[in-house]
Amino acid sequence: MNIIGHYINGRVVETSENFLDVDCPSTGAVESKLAMADRALVDEVITIAQRAQQDWRKTPPAKRAQIFAKFKVLVEDNAEKLCELIGKEHGKISHDAMGELIRGIENIEYAAGVPELLKGEFSKDVAGQIDSWSQFEPLGVVVGITPFNFPAMVPLWMYPMAIACGNSFILKPSERVPSAQLFLAQLLQQAGLPDGVFNVINGDKLVVDALLEDPRVEAVSFVGSTPIAHYVYQEAARYGKRCQALGGAKNHAIVMPDADLDNAVDQLIGAAFGSSGERCMALSVAVAVGDEVADAMIAKLTEQMSSIKVGHYAEKENSFGAVISQEHKQRIEEHITSSVEQGARLVVDGRNIEVAGCQEGYYVGATLIDNVTTEMTSYQAEIFGPVLQVIRVESMDQAVQIINDNLYGNGTCLFTRDGEAARYFSDEIKVGMVGINIPLPVPVAYHSFGGWKQSRFGDLCIYGPDAIRFYTDRKTITQRWPSSGVREGIKYSFPS
């Protein structure tokens, strides 16, 4: 049985008193044993990271940038192996794994520009012979806690910029998908990162709590479900740490009567069912304005969905693969069942799907549910599976109100040909990331990613310009070198 260890101080550490099974969702078979950390190991890793950061913070930003430029090349050269690791532990198809890896590489590339990003500001002669400037200094030891759905991309949203800013970083990846980050840690060492600056430890809530409680940890980045994001944010605040905690979502797309319906249907299918719907930017609700567009949309969706192929991660012709676990498969199917029990119409049923040769895998087929209302249990939940719900409304204002009333505010989209409607939607919608005829409005690496309401806790978004603000402290220095022999004497008034 393969043993997956931690990555500590530049080497893989497999010793542990506690191991967890890591299975392959595509087959249901246990593939590996994962070494789980205890509090003593967490304490040791923080000590190592703190020690390593003392020298790393003094490394010139240009030297840090060179390491990340090399890291980017190494990741690109090893992309196929990384996609294989992601597919085996997550279940997503190789083309989908490559897509997430490319978006992660964008953030490595952004981190390689850190000398420009850390330049600070300078003002000469703010008063007589007085200059003032600001500089951005690293925090120290920072932590990332990441989810199962993007084993490569979400961690790469965090640690390249955190480390490029001069911090050391401890990553606690999801225990369901640990291998990709273990391999990436080794690539980062090959790129020239000093030992101890980046460490990966595996564990559960015990490890999370130990990281949150330790006073040597200065900041925490988290991505996961809203209840856990809220918990992490509260605990981080309790222990005086800086925190950004990204939570769940219930993303809606409004389909207007004037929309290019063929394009809208194509985009809805990809955005709702890609990656088995296990992404926080998935479009899980289509709000159709008017019964005419709803009926036409349902008909086109039903026809298109008949060609969706679900199966093993290694078969590239498949549209999407398994969901992460048997327990999660059951939860998704329970939401489908409850929708019908509460009055919705099940148009396409993805329950009880069978994949030849993978009968023990955790599969849910693409599911379409019409006549959903906001009171339904399944609507109020983040299903996080390949399920598209359709709500019918009579006006755009009603559609906007439904979205604004929702607990979450992560992503949304409007399908229309009307520029006035698009502008109104962009101005009035209370959601952090907005698409106009773009179903997955995930910002590029030089912007920042983050939702509103219960989709994000903390002042700053993740990656992009906000990453510099999150992973550094601003220091402002005011300096004067008076002429020789000049003495002003004592002043009691506030300087002006």
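Residues numbered from 1 in each chain as written. Predicted model: local features only at pLDDT ≥ 70, side-chain atom pairs only at ≥ 80, totals over all residues. Heavy atoms only, no water.

Colleague: Any chance you could explain the overall build of the protein chain here in plain terms?
Modeller: Looking only at helices and strands, the protein chain has 16 helices and 23 strands in total. For 496 residues, the compact-globule estimate of 2.2 N^0.38 gives 23 Å, and the protein chain sits close to it at 25 Å. C-alpha extents for the protein chain along the principal axes are approximately 85 × 60 × 40 Å. Burial statistics for the protein chain: of 496 residues in total, 56% are counted as buried. For the protein chain, the computed accessible surface area is about 21,100 Å², with 48% contributed by carbon and sulfur atoms. Of the side-chain charges in the protein chain, 44 are positive and 63 negative, and the distance between the mean point of each set is 9 Å. (Helix = DSSP H or I, 4+ residues; strand = E, 2+ residues; numbered from the N terminus. Rg over C-alpha atoms; globule rule 2.2 N^0.38 Å. Buried < 20%, exposed > 50% of the residue type's maximum accessible area, 1.4 Å probe, protein only. Areas by Shrake-Rupley, 256 points an atom, 1.4 Å probe, with all protein chains shown as cover. Lys, Arg positive; Asp, Glu negative; His and termini not counted. Charge placed at Lys NZ, Arg CZ, Asp CG, Glu CD.)

Colleague: Is there a simple way to think about the domain arrangement of the protein chain in this case?
Modeller: Interfaces are often sized by the accessible area lost when the parts come together. For the protein chain, the assigned domains read domain 1 (2-247 + 455-479) and domain 2 (251-436). Put simply, the middle of domain 1 and the middle of domain 2, counted by C-alpha atoms, are 31 Å apart. In total, domain 1 and domain 2 occlude about 2,100 Å² of area from one another, counting both sides; carbon and sulfur atoms represent 55% of this. The largest per-residue losses of area from domain 1 upon contact with domain 2 belong to Ser-26, Ile-93 and Ser-455, which jointly make up 25% of the total buried on that side. At the boundary of domain 1 and domain 2, one finds zero salt bridges. Applying the counting rule to domain 1 against domain 2 returns 11 residue pairs in polar contact (both at pLDDT 80 or more). Contributions of two or more residues to the side of domain 1 that touches domain 2 are made by β4 (19-24), α3 (79-90) and α4 (94-111). A per-element tally of the side of domain 1 that touches domain 2 places α3 first, with five residues. (Domains from an automatic or database assignment. Buried area = accessible area lost by both parts, 1.4 Å probe. Salt bridge = Lys/Arg side-chain N within 4 Å of Asp/Glu carboxyl O. Polar contact = N/O pair within 3.5 Å; in protein donor to acceptor, adjacent residues only side chain to side chain.)

Colleague: How should I be thinking about the sheet that holds strand β6 (residues 121-127) in this particular structure?
Modeller: Within the open sheet, the three strands sit side by side as β6-β7-β23. Their pairing is antiparallel. In the strand order of this sheet, the two ends are held by β6 and β23 (472-480), each with one partner. Across the sheet, the mean angle from the axis of one strand to that of its neighbour is 25°, orientation sign disregarded. The pairing of β6 with strand β7 (residues 130-138) spans four bridges and is antiparallel. Residue pairing across strands places Phe-122 opposite Trp-133, the latter belonging to β7. (Pairing = 2+ DSSP bridges. Axes fitted to C-alpha atoms, helices over the stretch in contact; angles between N-to-C directions.)

Colleague: How should I be thinking about unusual backbone geometry in this particular structure?
Modeller: Trans peptide bonds make up the majority, and among non-glycine residues the majority have a negative phi. If you check the backbone angles, Asp-125 has positive phi at about 55° while not being a glycine. Turning to its location among the elements, Asp-125 is positioned in strand β6. In this structure, Phe-384 is a non-glycine residue whose phi angle is positive, near 55°. Tracing the sequence through the fold places Phe-384 in the loop between α13 (377-380) and β17 (387-393).

Colleague: Can you help me understand the sheet that holds strand β5 (residues 29-35) in this one?
Modeller: What links the strands of a sheet is backbone hydrogen bonding, and the strands pair in either a parallel or an antiparallel sense. Pairing within the open sheet is mixed, and its three strands lie in the order β1-β5-β4. Of all the strands in the sheet, the pair left with one neighbour each is β1 (2-4) and β4. In this sheet, adjacent strand axes meet at a mean angle of 40° when their direction is disregarded. Strand direction decides the pairing type here: β1 and β5, joined by three bridges, are parallel. When the bridges of β5 are listed, Ile-4 appears paired with Leu-34.

Colleague: Please explain the pairing of strand β16 (residues 367-370) as it appears in this structure.
Modeller: Two faces make up the sheet, and in a regular strand the side chains alternate between them. Side chains Thr-367 and Ile-369 of β16 all project onto a buried face; the interleaved residues Leu-368 and Asp-370 project onto the opposite face, where all are buried too. Both strand β15 (residues 345-348) and β16 contribute to a ladder of three bridges, which runs antiparallel. Across the sheet, Leu-346 pairs through a bridge with Ile-369, a residue of β16. Summarising the sheet, β16 and β17 pair through three bridges and their orientation is parallel. The residue of β17 that forms the bridge with Thr-367 is Val-387.

Colleague: Help me understand the pattern of salt bridges, please; the structure alone is not making it clear to me.
Modeller: Where side chains of opposite charge bring their charged atoms close, a pairing between them can arise. Tallied over the full model, the rule gives 24 salt bridges. Between Lys-205 and Asp-209 there is a salt bridge, with its nearest N and O atoms 2.6 Å apart. Highlighted residues: Lys-205 and Asp-209, both in helix α8 (residues 205-213), separated by four residues, approximately one helical turn. Residue Lys-205 is classed as partly exposed on the basis of its relative accessible area of 49%. By relative accessible area, Asp-209 is classed as buried at 10%.

Colleague: Would you mind going over the UniProt feature "domain: Aldehyde dehydrogenase" (unreviewed entry) in the protein chain with me for this structure?
Modeller: Taken from the UniProt record, the annotation "domain: Aldehyde dehydrogenase" (unreviewed entry) applies to residues 16-477. For residues 16-477, helix accounts for 41% and strand for 22%, while the C-alpha atoms at its two ends are 48 Å apart. (UniProt positions renumbered as here; feature names shortened; annotations may be inferred.)

Colleague: I'm lost on the packing of helix α6 (residues 153-164) against helix α7 (residues 179-190) in this one. Help?
Modeller: A pair of packed helices is captured by two measures, namely the crossing angle of their axes and the spacing between those axes. Between α6 and α7, whose axes approach to 13 Å, the crossing angle comes to 25°. Taken together, α6 and α7 sit at an angle that is classed as roughly parallel. Handedness of the crossing formed by α6 with α7: right-handed. Residues Pro-155, Tyr-159 and Ile-163 of α6 form the contact with α7, whose participating residues are Gln-181, Leu-184 and Leu-188. (Parallel < 35°, antiparallel > 145°, perpendicular 65-115°, else oblique. Left-handed = near helix turned anticlockwise from the far one by under 90°. Contact = heavy atoms within 4.5 Å.)

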